[in-house]
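Structural description and commentary
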Number of protein chains: 2
Amino acid sequence: MELPEAKQKFIEAWGKLGSEWGINRTMAQVHALLLITPGELTTEEIMAQLSISRGNANMTLRDLMGWGLVEKKHRPGERKEYFYADKDTWNIARQVAKERRRRELEPVLKLLDELSTVEGDAKNEEFRTFNKTVTDINKLAKNVDRTFETMLKAEENWFWGSILKVFK
Amino acid sequence: MELPEAKQKFIEAWGKLGSEWGINRTMAQVHALLLITPGELTTEEIMAQLSISRGNANMTLRDLMGWGLVEKKHRPGERKEYFYADKDTWNIARQVAKERRRRELEPVLKLLDELSTVEGDAKNEEFRTFNKTVTDINKLAKNVDRTFETMLKAEENWFWGSILKVFK
DNA sequence: TTAAACTTTCAAAACTTACTGAAAGTTTTA
DNA sequence: TAAAACTTTCAGTAAGTTTTGAAAGTTTAA
């Protein structure tokens, strides 16, 4: 396989994986493009390479900056904005974990805590089943949350070292 | 909060979380409904409780069975099919991890391995950046894969214990 | 102070995904 | 053998999401 084809495949695969896991396809593709590009790209270049509109490119880049995955840079004497991605995969993973935890997991945890307090008659089977399920899921979700937290604090080697010790 | 309201909120939240993470909303809602229902439900009952069509209910239930989260049961002397969900949250988490690993992670791992072998001129910066990114992401993806694998084999307490030991 | 170079916005269009419901299929019972 | 009771299918439609592109906005330079 030649480099241009490989790049194309990488961008497509990243876009697909993103969309399967709830991240907009274009956003994942722009990210992929920046990840395999040395240096920076302008909006124009991104538009051209991925055949997307100016509006789409602009919004997607803004989102990526909101996720902390991309930054912009100005070159002295130039008006154009240059975009580049942090290429440290461990940072990327942590950044994504951090945002999704905040945006999606936290609201659910809050609700589950609330639902855990709903009171009812212990003789009522409906209530007992509801209560047990909610309590169990709440425990699981808290474990997931704690794992995210660990991940955010951890250094890469230390983290994977700790997890992989598990195999032995 | 009263039980019926709490149930409704649980179903909605589970549906929302599902759709944010790439699982069809209705599928997550049907699953949620079955999780908080003692015993079994028929297609009719599911249709009524969630206001969905027969076709949708049928396909969703089939998908849930395909994911190994729901099973059907026949009662002697009755034609109707009764559906119920496995309520063990650790089983659920493992089942979901297993399916998504197989459907989504594995194809990407395969591609990344392939892209890791693309050859090029070490003096070419484009190639070097591509190669480094792909190699790094491949490593990360393999770690994720191994974590899934551990999870599939493990008992719940042992697994979270191992991951959370990391805090100490 | 205005024109050029660029970025941002957002209503409408295109695309994608999910859902409906009627028809076809299957199984059981009489 | 037929009819009743149920399940499955899928073409068409609806709902949801993403993308476009032109217009408005901003910044810089002359």
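What counts as what
- Residues numbered from 1 in each chain as written.
- Chains lettered and ligands numbered in written order.
- Predicted model: local features only at pLDDT ≥ 70, side-chain atom pairs only at ≥ 80, totals over all residues.
- Heavy atoms only, no water.
- Helix = DSSP H or I, 4+ residues; strand = E, 2+ residues; numbered from the N terminus.
- Rg over C-alpha atoms; globule rule 2.2 N^0.38 Å.
- Areas by Shrake-Rupley, 256 points an atom, 1.4 Å probe, with all protein chains shown as cover.
- Lys, Arg positive; Asp, Glu negative; His and termini not counted.
- Charge placed at Lys NZ, Arg CZ, Asp CG, Glu CD.
- Near = heavy atom within 4 Å.
- Polar contact = N/O pair within 3.5 Å; in protein donor to acceptor, adjacent residues only side chain to side chain.
- Nonpolar A, V, L, I, M, F, W, Y, C, P; charged D, E, K, R; others polar.
- pLDDT = per-residue confidence, 0-100.
- Axes fitted to C-alpha atoms, helices over the stretch in contact; angles between N-to-C directions.
- Parallel < 35°, antiparallel > 145°, perpendicular 65-115°, else oblique.
- Contact = heavy atoms within 4.5 Å.
- Least-squares fit on C-alpha atoms with pLDDT ≥ 70 in both.
- Phe/Tyr/Trp six-rings, centres within 6.5 Å; stacked < 30°, edge-to-face > 60°.
- Buried < 20%, exposed > 50% of the residue type's maximum accessible area, 1.4 Å probe, protein only.

When helices and strands are counted, chain A shows 7 helices and 3 strands. Mapped in sequence order, the helices and strands of chain A form the string α-α-β-α-α-β-β-α-α-α. Taken over the C-alpha trace, chain A has a radius of gyration of 21 Å; the compact-globule value for 168 residues is 15 Å, which it surpasses by more than 25%. With the principal axes as the frame, chain A shows a C-alpha extent of 75 × 45 × 35 Å. Accessible surface, chain A as shown: approximately 9100 Å² in total, 50% of it carbon and sulfur. Seen as two clouds, the 28 positive and the 27 negative side-chain charges of chain A have centres 2 Å apart.

Around DNA strand D, 18 residues are found, and the nearest of them are T26 and S53 of chain A together with N58, R62 and R79 of chain B. One nitrogen or oxygen atom from the side chain of R79 of chain B is found 2.6 Å from a base nitrogen belonging to DNA strand D. For the surface near DNA strand D, the element with the most residues is helix α4 (residues 54–66) of chain B, which contributes 5 residues. Taken together, the residues that form the surface near DNA strand D break down as 2 nonpolar, 8 polar and 8 charged.

Glancing now at the confidence of the model for chain A. A residue-level look at chain A finds 94% of positions with pLDDT of 70 or above and a mean pLDDT of 93. Mean pLDDT per element in chain A: helix α7 (residues 156–165) of chain A is the minimum at 67, and helix α2 (residues 25–35) of chain A is the maximum at 98.

In the vicinity of DNA strand C, 17 residues are found, and the nearest of them are N58, R62 and R79 of chain A together with T26 and S53 of chain B. For DNA strand C, the backbone portion of the atoms within 4 Å of the protein, that is sugar and phosphate, comes to 67%. Contact between DNA strand C and K80 of chain A: a phosphate oxygen at 3.5 Å from a side-chain N or O atom of the residue. A distance of 2.7 Å separates a phosphate oxygen of DNA strand C from a polar backbone atom of S53 of chain B. Ranked by the residues each element gives to the surface near DNA strand C, the list is headed by helix α4 (residues 54–66) of chain A, at 5 residues. For the surface near DNA strand C, the residue count by class is 2 nonpolar, 8 polar and 7 charged.

Moving on, we come to the packing of α2 of chain A against helix α3 (residues 43–50) of chain A. Residue and element names in this part refer to chain A. For the pair α2 and α3, interaxial distance at closest approach is 11 Å and the crossing angle is 110 degrees. On the basis of their axis angle, the class for α2 and α3 is roughly perpendicular. For the pair formed by α2 and α3, the contact residues are Q29, V30, L33 and L34 on the first element and I46, Q49 and L50 on the second. Residue composition of the contact of α2 with α3, grouped by class: 5 nonpolar, 2 polar and no charged.

Turning chain A through 180 degrees and shifting it by 0.0 Å along the axis lays it on chain B, with an RMSD of 0.1 Å. Such a combination of turn and shift is consistent with a two-fold rotation axis. Most of the interface of chain A is mirrored in chain B: 100% of its interface residues are interface residues there too.

A positive phi angle is found at S51 of chain A, which is not glycine, with a value near 50 degrees. Within the element layout of this structure, S51 of chain A appears in the loop between α3 and α4.

What follows concerns the packing of helix α2 (residues 25–35) of chain B against α4 of chain B. All names here are of chain B. As a packed pair, α2 and α4 sit with axes 9 Å apart at the nearest point and diverge in direction by 75 degrees. In this view, α2 runs roughly perpendicular relative to α4, as classed from their interaxial angle. Residues T26, M27, V30, H31 and L34 of α2 pack against N56, T60, L61, D63 and L64 of α4. Tallied by class, the residues present in the contact of α2 with α4 amount to 5 nonpolar, 4 polar and 1 charged.

Per the counting criterion, the structure on display carries 8 aromatic pairs over all chains. With centroids separated by 5.9 Å and ring planes inclined at 15 degrees, the aromatic side chains of F10 of chain B and W14 of chain B adopt a geometry described as stacked. Within this pair, F10 of chain B and its partner W14 of chain B are both found in helix α1 (residues 3–20), separated by 4 residues, close to a single helical turn. What makes F10 of chain B buried here is its relative accessible area of 1%. Taking 6.2 Å as the distance between ring centres and 70 degrees as the angle between the ring planes, the aromatic pair formed by W90 of chain B and W160 of chain B counts as edge-to-face. Placement of W90 of chain B in helix α5 (residues 89–116) and of W160 of chain B in helix α7 (residues 156–164) is noted, with a sequence separation of 70 residues between them. Look at W90 of chain B and you get buried, because its relative accessible area is 3%. By relative accessible area, which is 10% here, W160 of chain B ends up buried. Each residue in the set F10 and W14 of chain A together with F130 of chain B is aromatic and connected to the rest through ring pairs, giving one cluster.

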